[in-house]
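# Topology and contacts: notes
One letter stands for each residue in the lines below.
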Amino acid sequence: MTMNKLDKFDLPSLDEARKRKKERFKVRKDLFKIPDLAKDIGKGRHYYLRTYGCQANVRDSENIAGILKELGYDETLDLNNADLILLNTCAVRQNAEEKVLGEIGNLKKLKRQNPELIISLCGCMAQEEGIVKTILRKYPQVDLIFGTHNIYHLPELLYRTMLEKERVVEVFSKPGEIIEDLPSKRFTPFKAWVNIMYGCDKFCSYCIVPYTRGQERSRDMEDILKEIKDLIAEGYKEVCLLGQNVNAYGKDLGMEEGFATLLEAVAKTGIKRIRFMTSHPYNFTDHAIEIMGQYQNIMPYVHLPLQSGSDTILKKMNRRYTSEDYKVLFDKLKKAIPGCAFTTDIIVGFPNESDEDFLKTLEMVDYCKYDNAFTFIYSRREGTPAASMEDTIAPEVKEKRLAILNKKVGEYAHLANERFLDQVVEVLVDGPSKKDPSVFSGYTKENKLVNFKGEGVKCGDIVKVKIVATKSFSLDGNLLKE
Ligand code: 5AD
Ligand code: SF4
């Protein structure tokens, strides 16, 4: 395919995606429609949906699955049985993107066997101009590409793909409205993801998310609370409030203490367990900490991305806090919420990170003694400010730093779990283990995975378990009889 052939497609633009508008986003409750022609297009057909990346994608996939169900599709977990394959992708790091491209390569033979098969790429990779061009040029097996802001159009897009027998690309570079009326098929009973806001305006210099997910926009509090009250009525025990930076909730609605206000209102619904992610240290207010300390149903667990312990690197990352600011916040949380568990995200090998910078990161890990940390080697993302920073650090040095960091993280993870030995913890039961149906698993308030033996336990129960052994990333226990 030549360049000219690409001209007929409306390609996404990261430059457009960077722009922010002043006006508030409209809330729409009447946008999702199934055109008459698309009704029942899924009848007798099966879809296979694979989700990569973060919880925002998982929640989007629940909406996609909900839409497909309304179109008459059934789900299949077998690629060979699928009439429609959707890959809901992540763009945060290059290696994840390479995996997806490899996966699409593997799908070529299925397409050869079944020319009617529709292969679709959606999610954050679809928002990248470079990726869309690569797919259009080199992966003819992909029939439909749609962006993170285009999910509500899926019925029409699928219909067009089937009818026109041409490749369909629809990716809006920027979000239009807050869409409240999408169908949804929740993947887990008892635990629900609840979006409280979309997008991100932080523009950390390494991160593609503010471009792929667009401007920060908060859902109305009434809509969030209604969703949670409905979930309670359906028997849900836990909600996780989702946003790229939940602490900025309500800023676009003119609320000063939006997140604290929302958190308190959610706590008052009486739902058994409340979690939230992800937090940004810059917007975490004292009032939000106070609310966390006041309500027993707000879980004592915070995922608080550090990214780096070096002030020089934090500045280049545009993180808007120093290592001292982070420590002060960490200490406040620890004091206000006894027994609080902490996890974090750390990037090593940011352009020109020196040995001293890296040592500062290790020092912070020693200070915070995290329950766990998600660690990454910096990945250059085209279109972000960090992509144009010169970098002279060898890849082997970065690998070595990651290994040193991971060893330390593992040690503290084990140590953090040891505090639970011989303790009685409350576990929300996810279900029996696949290998041994007499072993159940679930999570403690602190978000620790527990495997335990027990009888008469159901998925969704909250039970007491005595911990008898600890590992680095899980706990073993026995069910206590009430
Ligand atoms: N390279 C490596 N890690 C990244 N993250 C975000 N962007 C990049 C990047 N370009 C990490 C951050 C973030 C987590 C979700 O992914 O640590 O908190
Ligand atoms: Fe990316 Fe920073 Fe926004 Fe998180 S806060 S999504 S790391 S830009």
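Scroll up a little and you will see the structure.
Bear in mind the structure is a predicted one, so any value in this text is a computation, not a measurement.

## What to know about the overall build of the protein
- Helices and strands together make up the secondary structure of the protein, namely 14 helices and 21 strands.
- The C-alpha radius of gyration of the protein comes to 23 Å, within 12% of the 23 Å expected for a compact globule of 482 residues.
- Projected onto the principal axes, the alpha-carbon positions of the protein cover approximately 65 × 60 × 45 Å.
- Considering the protein as a whole, with its 482 residues, one finds that 54% of them fall into the buried category.
- Nonlocal contacts in the protein, meaning residues at least 24 apart in sequence, comprise 77% of its contacts between residues at least 6 apart.
- Carbon together with sulfur atoms contributes 51% to the accessible area of the protein, which is approximately 21900 Å² in total.

## Brief notes about helix α4 (residues 94-113)
- Given a rise of 1.5 Å per residue, 20 residues ought to cover 28 Å, and the 30 Å separating the end C-alpha atoms of α4 matches this to within 8%.
- The axis of α4 is deflected most strongly, by about 30 degrees, at L107.
- Considered for burial, the residues of α4 that qualify are E97, V100, L101, E103, I104, L107, L110 and K111.
- Those residues of α4 hidden inside the fold are in contact with β2 (46-51), β4 (84-89), β5 (118-123) and α5 (129-138).

## Some details on the sheet that holds strand β7 (residues 168-170)
- Spatially, the six strands line up as an open sheet ordered β3-β2-β4-β5-β6-β7, and their pairing is parallel. At either end of the open sheet lies a strand with only one pairing partner, and these are β3 (74-75) and β7.
- One ladder, built from two bridges, connects β5 with strand β6 (residues 144-146); its direction is parallel. Residue pairing for β6: S120 is matched across the bridge by L144.
- Together, β2, β4 and β5 form the strand contacts of α4, whose direction differs from that of β4 by roughly 175 degrees.

## Some thoughts on the packing of helix α9 (residues 258-268) against helix α10 (residues 286-294)
- Following both chains from N to C, one finds α9 and α10 inclined at 15 degrees, their axes separated by 8 Å at the closest point. Classed by the angle they form, the pair α9 and α10 counts as roughly parallel. Note on packing geometry: the crossing formed by α9 with α10 is left-handed. Contact residues: α9 offers F259, A260, L263 and E264, while α10 offers H287, A288, I291, M292 and Q294.
- For the contact of α9 with α10, a count of residues per class yields six nonpolar, two polar and one charged.

## As for the pattern of salt bridges
- Going through the model one piece at a time under the given rule, you end up with 41 salt bridges.
- Between E103 and R50 there is a salt bridge, with the nearest N and O atoms lying 3.2 Å from each other. Here E103 is found in helix α4, whereas its partner R50 is found in strand β2, with 53 residues between them in sequence.
- Residue E164 pairs with R160 through a salt bridge whose shortest N-O separation is 3.5 Å. One end of the pair is E164 and the other is R160, both in helix α6 (residues 154-164) and four residues apart, which spans about a single turn.

## Re the packing of aromatic side chains
- Inspection of every chain in the model, using the stated rule, returns 10 aromatic pairs.
- Measuring from ring centre to ring centre gives 6.4 Å for Y206 and F350, while their planes differ by 85 degrees; the resulting arrangement is edge-to-face. Remark: F350 occurs in the loop between β15 (341-348) and α13 (355-368) and Y206 occurs in the loop between β10 (197-198) and α7 (209-212); sequence separation between them is 144 residues. A single burial state applies to Y206 and to F350, both of which are buried.
- Linked through ring pairs, F330, F342, Y367 and Y370 together constitute an aromatic cluster.
- Seen from the ring of F25, R217 lies directly overhead, with NZ or CZ sitting 5.8 Å from the centre.

## Let's talk about α13
- With 14 residues, α13 extends 20 Å between its outermost C-alpha atoms, agreeing within 8% with the 20 Å of an ideal straight helix rising 1.5 Å per residue.
- Those residues of α13 lying buried are D357, F358, T361, L362, M364, V365 and C368. In an axial view of α13, the angular spread of the buried residues amounts to 155 degrees, which keeps them on one side of the axis.
- In this structure, the buried side of α13 is in contact with α11 (311-316), α12 (323-336), β15 and α14 (395-418).
- Immediately downstream of α13, the backbone of K369 shows phi near 45 degrees, a positive value.

## Comments concerning the site of ligand 2
- The full set of residues close to ligand 2 is C200, K202, F203, C204, Y206, C207, V209, P210, Q244, H280 and R319.
- Across the shell around ligand 2, the residue classes break down as seven nonpolar, two polar and two charged.

## Section: the nonpolar core
- L241, F284 and L333 are the most contacted members of the largest nonpolar core, which totals 56 residues.
- Considering each element in turn, this core owes the most residues, six residues, to α9.
- Discounting residues that sit within four places of it in the chain, L241 has contacts with V194, I196, I228, V246, L263, V266, I274, R275, F276 and M277.

## Observations regarding the side chain of N150
- Take N150: it is sitting in the loop between β6 and α6.
- Overall, N150 belongs to the buried group, its relative accessible area being 0%.
- In terms of polar contacts, N150 uses its side chain to reach the side chain of E170, at 2.8 Å.
- Leave out the neighbours within four places in its chain, and N150 touches L157, E170, V171 and F172.

About the thresholds
- Residues numbered from 1 in each chain as written.
- Chains lettered and ligands numbered in written order.
- Predicted model: local features only at pLDDT ≥ 70, side-chain atom pairs only at ≥ 80, totals over all residues.
- Heavy atoms only, no water.
- Helix = DSSP H or I, 4+ residues; strand = E, 2+ residues; numbered from the N terminus.
- Rg over C-alpha atoms; globule rule 2.2 N^0.38 Å.
- Buried < 20%, exposed > 50% of the residue type's maximum accessible area, 1.4 Å probe, protein only.
- Contact = heavy atoms within 4.5 Å.
- Areas by Shrake-Rupley, 256 points an atom, 1.4 Å probe, with all protein chains shown as cover.
- Expected span 1.5 Å × (residues − 1).
- Bend = angle between axes of the 7 residues up to and from the residue.
- Pairing = 2+ DSSP bridges.
- Axes fitted to C-alpha atoms, helices over the stretch in contact; angles between N-to-C directions.
- Parallel < 35°, antiparallel > 145°, perpendicular 65-115°, else oblique.
- Left-handed = near helix turned anticlockwise from the far one by under 90°.
- Nonpolar A, V, L, I, M, F, W, Y, C, P; charged D, E, K, R; others polar.
- Salt bridge = Lys/Arg side-chain N within 4 Å of Asp/Glu carboxyl O.
- Phe/Tyr/Trp six-rings, centres within 6.5 Å; stacked < 30°, edge-to-face > 60°.
- Lys NZ or Arg CZ within 6 Å of the ring centre and 35° of its normal.
- Arc of directions from axis to C-beta.
- Near = heavy atom within 4 Å.
- Core = buried A, V, L, I, M, F, W, Y, C linked by side-chain atoms within 4.5 Å.
- Polar contact = N/O pair within 3.5 Å; in protein donor to acceptor, adjacent residues only side chain to side chain.

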